[in-house]
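Descriptive analysis of the structure
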Amino acid sequence: MSSPITFDLKNQTALITGASSGFGMRFAQVLSDAGAKVVITGRRFERLSALKRDIEAKGGSAIAIAHDVTDVTRCRGLIEEVEGQAGPVNILINNAGMNVESPASSLAEADYDRIMDTNVKGAFFMAQAAGSRMVAQKIQGRIVNIASIGSFKALPGLVAYSMSKAAIAMMTKGFAREWAKHHIAVNALCPGFIKTELNQDWFDSEGGQKYVMTFPRRRLGKEEDLDALLLLLCSQHANFITGSLFTVDDGQLLG
């Protein structure tokens, strides 16, 4: 009889980008609870420090490092810094991202560049830096890119954001194919609309509530709805999973 499935990440070092809020903050807590040593990065160091204290108060191990993924040179140096403080990176959660709500017809060039530099360029070079080190060190690592249902559908007011997440979907497949022979699993989580501190004001508004009523189940997701799949993709149970895009949206794409 087979043993029960568990998600034990002891002796694993997980690097999470964009960990100062939202999904990234939640991912850091979930991976720490599973036993991983977490390295939390982001631009708002004071918030990373607070998260580090919370994780350590529960008995976990966390290292906070200020990092902006749009600085490509820094992306390459970050992995070496992490290795010096926490050991080789086994897991990368490529989460840093942003959006600007605007009609595509009036989106400013500067806002377009911010979206693409963070969501696409930053994610690409973080994956490149972490994955290359995994290859060099013969680590059968895990890379989880955070995409969106916008990878498959142009979301209202978020056309450039959706374009960026479609790029993440193809990036995931490309890296997965390239590194399959090295047994590095590269997959993507594609969440639907989930309430976070970044969007709660909108979804609490009359317009936001009307939009939720267009969803098949007329509800938003919660950050914890991603926990189980995140743990699966970071664990040894992902040995036969790579190049996959996992939609977690409560059927929102069906609408």
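The following refers to the structure shown. Everything quoted here is computed from the prediction, not taken from an experiment.

Attention now moves to the sheet that holds strand β4 (residues 91–94). Across the sheet, seven strands lie side by side as β3-β2-β1-β4-β5-β6-β7; this open sheet has parallel pairing. Two strands in the sheet have a free side with no partner beyond their single neighbour: β3 (61–66) and β7 (245–248). Averaged over all neighbouring strand pairs, the angle between strand axes comes to 20°, with direction disregarded. With four bridges joining them, β4 and strand β5 (residues 142–146) adopt parallel strand pairing. Of the residues in β5, the one forming a bridge with I91 is R142. Relative to the sheet, helix α3 (residues 72–86) contacts β1 (13–16), β2 (37–42) and β3, its axis offset from that of β3 by approximately 150°. Together, β1, β4 and β5 form the strand contacts of helix α4 (residues 109–136), whose direction differs from that of β4 by roughly 175°.

Now for unusual backbone geometry. Backbone geometry places H183, a non-glycine residue, at a positive phi of 60°. With respect to the helices and strands, the residue H183 is situated in the loop between α5 (159–179) and β6 (185–191). The residue D250 is not glycine, and still its phi comes out positive at about 60°. Mapped onto the elements of the fold, D250 is located in the segment after β7.

What follows concerns the pattern of salt bridges. In the structure shown here, the tally under the stated rule is 12 salt bridges. The salt bridge involving K195 is made with D204; its shortest N-O contact spans 2.8 Å. The class of K195 is partly exposed, set by a relative accessible area of 34%. One connected set of salt bridges, linked through shared partners, spans R217, R219 and D250.

Our focus in this paragraph is the environment of A185. Tracing the chain through its elements places A185 in strand β6. Filtering out sequence-adjacent residues up to four positions away, A185 remains in contact with G141, R142, I143, A238, I241 and T242.

So, on to a nonpolar patch on the surface. Among the surface-exposed residues, Y112, V159 and M163 lie close enough to one another that they form a single nonpolar patch of about 240 Å² accessible area. Relative to the elements of secondary structure, M163 occurs in helix α5.

This part covers the side chain of T17. Residue position: T17 is located in the loop between β1 and α1 (22–33). The exposure class assigned to T17 is buried, which follows from its relative accessible area of 0%. Those residues within four positions of T17 in sequence are excluded, and the remaining contacts are T41, V69, L92, I93, N94, N95, A96 and M126.

Turning our attention to α1. The terminal C-alpha atoms of α1, which comprises 12 residues, lie 17 Å apart, in line with the 16 Å expected from a rise of 1.5 Å per residue. Here α1 has its buried residues at G22, F23, G24, F27, A28, V30, L31 and S32. Phi turns positive one or two residues past the end of α1, at G35, with a value near 110°.

Now for the nonpolar core. L15, V39, V82, M126, I143 and V186 are the most contacted members of the largest nonpolar core, which has 31 residues in total. Broken down by element, this core gets its largest block of residues, six residues, from α4. When neighbours within four sequence positions are excluded, V186 is seen to be in contact with I143, N145, T172, F175, A176, W179, T242, G243 and S244. Judged by nonpolar contacts, the second largest core, of 30 residues, contains A34, I55, A62 and L233.

Okay, the side chain of N199 next. Tracing the chain through its elements places N199 in the loop between β6 and α6 (200–204). Polar contacts involving the side chain of N199 include one to the main-chain carbonyl oxygen of I194, which spans 2.9 Å.

Relative to β3, β2 runs parallel, the two being bridged by six bridges. When the bridges of β3 are listed, K37 appears paired with S61. Taken together, β2, helix α2 (residues 45–57) and β3 form a β-α-β motif whose crossover is right-handed.

Next up on the list: α3. Over its 15 residues, α3 runs 21 Å from end to end, which matches the ideal 21 Å to within 8%, given 1.5 Å per residue. Those residues of α3 that sit buried are V72, C75, L78, I79, V82, E83 and A86. Check the buried side of α3 and you find it contacts β1, β2, β3 and α4. A positive backbone phi angle near 90° is found at G87, which sits one or two residues after α3.

Reading the values: the criteria
Residues numbered from 1 in each chain as written. Predicted model: local features only at pLDDT ≥ 70, side-chain atom pairs only at ≥ 80, totals over all residues. Heavy atoms only, no water. Pairing = 2+ DSSP bridges. Helix = DSSP H or I, 4+ residues; strand = E, 2+ residues; numbered from the N terminus. Axes fitted to C-alpha atoms, helices over the stretch in contact; angles between N-to-C directions. Contact = heavy atoms within 4.5 Å. Salt bridge = Lys/Arg side-chain N within 4 Å of Asp/Glu carboxyl O. Buried < 20%, exposed > 50% of the residue type's maximum accessible area, 1.4 Å probe, protein only. Patch = residues over 30% accessible without salt bridge, like charges linked within 9 Å, V, L, I, M, F, W, Y side chains within 5 Å. Areas by Shrake-Rupley, 256 points an atom, 1.4 Å probe, with all protein chains shown as cover. Expected span 1.5 Å × (residues − 1). Core = buried A, V, L, I, M, F, W, Y, C linked by side-chain atoms within 4.5 Å. Polar contact = N/O pair within 3.5 Å; in protein donor to acceptor, adjacent residues only side chain to side chain. Right-handed = clockwise from strand over helix to strand, strands pointing away.

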